[in-house]
Amino acid sequence: MKTLFKKADFLLIAVLCLVCAALFLPRFFGAGKLEAVIYCEGAPFRRVDLSTVKEAYTIWLDAQGVVLKVEPGAIGYESSNCPDKLCVRTGRLTRPGDTAACLPSKTVVVLEGGFFRKGPDVMTY
Amino acid sequence: MARKTNNRKTALLGVLGAQALALSFLENIFPALPGLPPGAKPGFSNIVTMFTAATAGLGEALAITVIKSVFAGVTRGLSAFIMSFAGGILSTFTMFFLLRLKSSPFGIAGVSVASAAAHNLGQLLAAAVLTGTSSVFGYAPVLLLFAVATGLVTGTVLKVLMPALRKQSRYFLK
């Protein structure tokens, strides 16, 4: 517990950076359909094809106290009843793989498209 | 005599706990960094947790983690408590294990980066359970990159602060 850097540290950092790059890359090949999936309490609640949205509109999730704003090619939390508003501060999601979550309201919005086009990946308990 | 030492240890742990809370509070008043998921924080209080894990022990470091989570819960709500607790416990076990490795290949920086990554993993797991979907793992790449950066910073700060923190401990335990 004296030295700041040892050899294995560089190896660890290099491996983590590589994993990171591998996870990031697919996001830059998300051509074609861009679909937002809105999850409520762990189940996909609604899918919105953002590539066909012409005019902005809002989605009210009354039970969760959440309002989502849908725009051409983007989606985001507009307002929420949660205490910390982290979901609103996440801003607009525009790329496949982009994620916004609101833990208190148990809602998540994920963009699928390109490499991220897959079936429902819902964990059940 | 033994009792007196115990009291002193408790007092030292109290001071370390207070320092960890002060650092947590400090990073909460910073605005969210652009490009990062809001709520991603530098984890300065890990400096204290790591010092405690290295010099006192696992139980003491876990105690600090629990105090931190309770503070998060009181000030920011139940989901903040769960997130802080899940990340804190996993990162404390990780750093303790890496610190106790015989002739450890890792320096302070490596332990710090690994524990930061473990912290994020714990939080993602907690978030997945809270929201009921694994889709929160979309945050993983950004968080991982951020963990490497913050781990390097907190590790370096700990290295610099080490003499001061040791002096503080000696003041209580001697």
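Residues numbered from 1 in each chain as written. Chains lettered and ligands numbered in written order. Predicted model: local features only at pLDDT ≥ 70, side-chain atom pairs only at ≥ 80, totals over all residues. Heavy atoms only, no water.

Q: What is the right way to look at the overall build of chain B in this model?
A: The helix and strand tally for chain B stands at 6 helices and 0 strands. When the helices and strands of chain B are listed from N to C terminus, the series reads α-α-α-α-α-α. Scaling as 2.2 N^0.38, a compact globule of 174 residues should have a C-alpha radius of gyration of about 16 Å, and chain B matches this with 16 Å. Taking the principal axes of the C-alpha coordinates as reference, chain B spans close to 55 × 35 × 25 Å. Buried residues in chain B amount to 51% of all 174 residues. Here the contacts in chain B between residues at least 6 apart in sequence split such that 71% fall between residues at least 24 apart. Total accessible area on chain B is roughly 8000 Å²; 72% of this is exposed by carbon and sulfur atoms. (Helix = DSSP H or I, 4+ residues; strand = E, 2+ residues; numbered from the N terminus. Rg over C-alpha atoms; globule rule 2.2 N^0.38 Å. Buried < 20%, exposed > 50% of the residue type's maximum accessible area, 1.4 Å probe, protein only. Contact = heavy atoms within 4.5 Å. Areas by Shrake-Rupley, 256 points an atom, 1.4 Å probe, with all protein chains shown as cover.)

Q: Looking at this model, I keep getting lost on the confidence of the model for chain B. Mind explaining?
A: Should pLDDT be low for a region, the predicted coordinates there are not to be read in detail. Residue and element names in this part refer to chain B. For chain B, the average pLDDT comes to 90, and 94% of its residues sit at 70 or higher. The secondary-structure element of chain B with the lowest mean pLDDT is helix α1 (residues 2-28), recorded at 90, while helix α2 (residues 46-55) shows the highest, at 95. ipTM for the predicted complex: 0.83, alongside a pTM of 0.84. (pLDDT = per-residue confidence, 0-100.)

Q: Where do I start with the interface of chain A and chain B in this structure?
A: Interface size, as often reported, equals the accessible area lost upon joining of the parts. With 39 residues of chain A in contact, the opposing surface of chain B contributes 43 residues. Surface buried jointly by chain A and chain B totals about 3400 Å² across both partners, of which 72% is contributed by carbon and sulfur atoms. There are 0 salt bridges connecting chain A and chain B. Remark: the boundary between chain A and chain B carries 9 residue pairs in polar contact (both at pLDDT 80 or more). Listed by contribution, the elements that provide at least two residues to the side of chain A that touches chain B are α1 (7-24), α2 (86-89), β6 (99-102) and β7 (107-112) of chain A. With 11 residues, the top contributor of residues to the side of chain A that touches chain B is α1 of chain A. A class-by-class count of the residues in the side of chain A that touches chain B yields 24 nonpolar, 6 polar and 9 charged. (Buried area = accessible area lost by both parts, 1.4 Å probe. Salt bridge = Lys/Arg side-chain N within 4 Å of Asp/Glu carboxyl O. Polar contact = N/O pair within 3.5 Å; in protein donor to acceptor, adjacent residues only side chain to side chain. Nonpolar A, V, L, I, M, F, W, Y, C, P; charged D, E, K, R; others polar.)

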